Amino acid sequence: MPPSSFRTPHYSHRVALIGSLLAPFTYSLICSAQLPIPSSKPHVLLTAATATPKSSPEATTKVVAAGPKKLVSITTVLVTAAADAVDTSEGYERRISTQEVERSAGTFGDPGRFMQTLPGVVSDNDERNDFIVRGGNPAETLFVVDNIELPSINQLALSDTTGGFVSMIDNAAVKQTTLHTDAYDSKFDQRLSAVVEMSTRPEGNVGYHGRAEFGIGGTGGSMDRPLGTNGSLFVGVRRSILNWFTDDIGMNGVPIYTNGLVRADKRVDDKNNWWGMSLTGVDSIVIQPTTEDCQETNPFIIHYNGWRNTTGINWQHVSSAKSFGVLSVSNSEQQQTINETSQLLGFTLGNIQVYYENSHDGISTMKYDWTFQANHRFTVTAGGQTTLDRLNYNIQQPIGLPSPYSANPTPGDATSIVRAFTPVTYAAYGQVAVELPHGMRVVAGERASEWSIVQSTVATGKAVLFAPVFGRMIHVGYAEYAQLPPSLYLLAFDNEHTLTPMRSRQLTAGIVAADSHRLSVTVNAYQKLYSDYPVSTTFPQLSMANIADTFGQAFLMSPMVGKGQGVARGVELSVDARPFRRFALTGNLTYMRSWYSGLDGVLRKGNFDMPLVGNVMGYTPLGRGWTVSFRYSASTGRPYTPDNMPLSIAQDRDVYDMTQINGVRAPMYSRLDFRGEWTHKLRRGELVTHVGLENALNRTNFYDLEWMPLVQVYFNQVGGTQQQNQMPMFPDAGIRYSY
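Parameters and conventions
- Residues numbered from 1 in each chain as written.
- Predicted model: local features only at pLDDT ≥ 70, side-chain atom pairs only at ≥ 80, totals over all residues.
- Heavy atoms only, no water.
- Buried < 20%, exposed > 50% of the residue type's maximum accessible area, 1.4 Å probe, protein only.
- Helix = DSSP H or I, 4+ residues; strand = E, 2+ residues; numbered from the N terminus.
- Pairing = 2+ DSSP bridges.
- Patch = residues over 30% accessible without salt bridge, like charges linked within 9 Å, V, L, I, M, F, W, Y side chains within 5 Å.
- Areas by Shrake-Rupley, 256 points an atom, 1.4 Å probe, with all protein chains shown as cover.
- Salt bridge = Lys/Arg side-chain N within 4 Å of Asp/Glu carboxyl O.
- Contact = heavy atoms within 4.5 Å.
- Phe/Tyr/Trp six-rings, centres within 6.5 Å; stacked < 30°, edge-to-face > 60°.
- Lys NZ or Arg CZ within 6 Å of the ring centre and 35° of its normal.
- Polar contact = N/O pair within 3.5 Å; in protein donor to acceptor, adjacent residues only side chain to side chain.

Colleague: So what's going on with the pairing of strand S23 (residues 424–435)? Residues and values would help.
Modeller: Across the two faces of S23 the burial differs, with Thr 425, Ala 427, Tyr 429, Gln 431, Ala 433 and Glu 435 buried and Val 424, Tyr 426, Ala 428, Gly 430, Val 432 and Val 434 not buried at all. Of the pairings in the sheet, the one linking strand S21 (residues 378–397) to S23 comprises 11 bridges and is antiparallel in character. Paired with Thr 379 across the strands is Ala 433, a residue of S23. Bridge count between S23 and strand S24 (residues 441–451): 11 bridges; the pairing is antiparallel. Across the sheet, Thr 425 pairs through a bridge with Trp 451, a residue of S24. Joining the antiparallel neighbours S23 and S24 is a turn of 5 residues, in which His 438 adopts a positive phi near 65°.

Shown next as structure tokens:
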């Protein structure tokens, strides 16, 4: 799992390796109105259909920059329109098609892993599919599927995190994915860094289609069929297969997961249509290190099982030729149980329980979005949202553990958290888009949110100006965002009385430097100023901004106050090129820095401070059904905190050097991936097979240093630290039949 601030202790790192399970695996509308056609807003401006990407296999990642919305006059007929590259109410967003994800090397066909290749995005560990956007924390990203908000789209993702093994949503169900990072719409429930928006609604009429697949990532299938005369139904199921062949994939265990998606939509009449979805995931893992391995860094047995479901429905009504609204109702539930026992203590006392968690989160949401277009120059959107959270947490640490942040070897106090809350959250927003002379455009909005659990109300605004300069479209924007800290931190130690919503203020700017069939170049810059971030009162250097996961790490739960500060800034260069007719090349280079402070107010490098990050991806069809793709990723090494070796040796455990917090940088990260795919047309349907190789050069990429406590047990001498690495060379293969 991702490291805590500075570094994850030895007994949680094997859980960190859970990522190695990474082995996986036109718009159409009918109405009578004149409405804007926003290609990335399928859940608000849907008008009885959805936005879809180009179906051409040569389509590349769509980088959408500032520009005026286009208007389409619509009568009571079916109208199709391709997405416009400048059609957006945001400064910058990235659109991704299903074909791109499936054909890309190094992603296992997973949308989350594809995100890691985009400008301004990095991963904490390439064995997992979580991602960090513009220097933020993984928890600062919101997931929206068909206008329904999800706590997470990933398997084995905890209630306060966003990363996991693989996505619960099969890529076959996703028509388009959009990553919003720059002054995103006020209608979104707020997150400090990004919004990932997915559309699963099909384009046009749907026939009978099926798909079955078997691969390292799992086995399953899906079915797409008409629902009446003006609707469609999709059902998909997938299950992991690795446990059929082994009980250890290099992490002293193997994950087991099953996920399913049901989606349906129907046009009722010319003014009404509905769409809905239900996404479910069930997962478990047992991590049991061997006590005979003296170099083992994890002397803990961990039993985990969990499940999660999100179900929601939307109803859209066209009220006039100039306005329409969407009513949405949804409910999310997720539960997880973690039991952790110590083998190290077990040498004298038997396996002793050191951590237990049984947590349940329920979220019920009702919201309404309304759009009104007075004329072709003036558009208003507004709406409101009410959310009821049901939090029930039982967390026990009966035996205190020494903290790696403290030089004191005395175990910390035992922890017992039994909390249940049912807080309510309210929000309302309004946004105006105005077309100005000379191709200029202004979008301004405000969102007010009230969180009862912390008794706080916050108003956040945004404003973006689009203007053509010397024939190139530029944008300049300012936005404010606020979000609650994860529930786990709020419920521990009555922190809901001392924490407030986390805040960020963002300045952004960008330009489309080139835009042609052969070459597209965009440059974007940003600065984010963080405030009111949770920081520990026990360890004044510790900020939640650098904690990416809490799997079995009760020592990370401490009294906190919302007094942390932070700065993240960067410049992103993105290039899409087609040097030859049958060869597409995509590349990006990002300069990104981040600093965060604890209660002491000292700004230090963040865990994800990586000054230079670059990606190059290529794709070409070879003929006879063969296509080949590659990906090369490289970045400056990640910062980490070394051990205070004299204290660590004396106490035979990790004791961090608190004078060098993130003061040491690991060697450069680099990784090369390949993928080949062969498509064979059959009398009915087609057969697709693929083979690939991740980290083809078997590059050793640093992840962490962990202490080896069992050396002392077996040899009566200090073992020291052992380097933990990210994904080694790893194969990928699969077969798929579709009709």
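Having put the structure on the table, let's press on.
Colleague: Could you give me a rundown of a nonpolar patch on the surface, with the residues and numbers involved?
Modeller: The grouping of Val 268, Ile 313, Trp 315, Leu 327, Val 329, Met 366, Tyr 368 and Trp 370 at the surface amounts to a nonpolar patch, some 710 Å² of accessible area in total. Broken down by secondary-structure element, the contributors of at least two residues to the nonpolar patch are strand S18 (300–318), strand S19 (323–342) and strand S20 (352–375). The greatest single-element share of the nonpolar patch, amounting to 3 residues, is contributed by S20. Relative to the elements of secondary structure, Val 268 occurs in the loop between strand S16 (256–267) and strand S17 (272–287).

Colleague: Mind laying out the environment of Val 237, listing which residues take part and the relevant values?
Modeller: By secondary structure assignment, the location of Val 237 is in strand S15 (residues 231–239). Each C-alpha atom of the pair Val 237 and Ala 212 lies 9.7 Å from the other, and the pair is 25 residues apart in sequence. Apart from residues lying up to four places away in sequence, Val 237 is in contact with Thr 219, Gly 220, Gly 221, Asn 259 and Gly 260.

Colleague: Give a detailed account of the packing of aromatic side chains, specifying residues and quantitative values.
Modeller: Applying the stated criterion to the full structure yields 12 aromatic pairs. Within the aromatic cluster, the residues linked to one another by ring pairs are Tyr 184, Phe 188 and Tyr 481. The ring of Tyr 619 has Arg 103 sitting right over it, with the charged end atom 4.0 Å from the ring centre. A cation over an aromatic ring shows up here: Lys 187 above the ring of Phe 188, its NZ or CZ 3.7 Å from the ring centre.

Colleague: An account of the pairing of S17 is needed here, citing residue identities and associated values.
Modeller: Bridge count between S16 and S17: 12 bridges; the pairing is antiparallel. Paired with Lys 266 across the strands is Trp 274, a residue of S17. In textbook terms, the turn of a hairpin is the stretch between consecutive antiparallel strands, and for S16 and S17 this stretch comprises 4 residues. As defined by bridge partners, S17 adjoins S18 across 16 bridges and the pair is classed as antiparallel. Looking at the pairing, Ile 287 lines up with Ile 302 of S18.

Colleague: Explain the environment of Thr 219 to me, using residue names and the numbers behind them.
Modeller: Topologically, Thr 219 is positioned in strand S14 (residues 218–226). By relative accessible area, which is 21% here, Thr 219 ends up partly exposed. Separated by 19 residues in sequence, Thr 219 and Arg 238 place their C-alpha atoms 5.5 Å apart. Excluding its chain neighbours within four sequence positions, the residues that come into contact with Thr 219 are Glu 213, Phe 214, Val 237, Arg 238, Arg 239, Ile 241 and Trp 244. Only 3.1 Å separates the side chain of Thr 219 from the backbone oxygen of Glu 213, close enough to count as a polar contact.

Colleague: Describe unusual backbone geometry, and please don't skip the residues or the numbers.
Modeller: With a phi angle near 50°, Arg 134 is a residue other than glycine that sits in the positive phi range. With respect to the helices and strands, the residue Arg 134 is situated in the loop between strand S8 (132–133) and strand S9 (141–145). With phi around 50°, Asp 146 is a residue other than glycine that occupies positive phi space.

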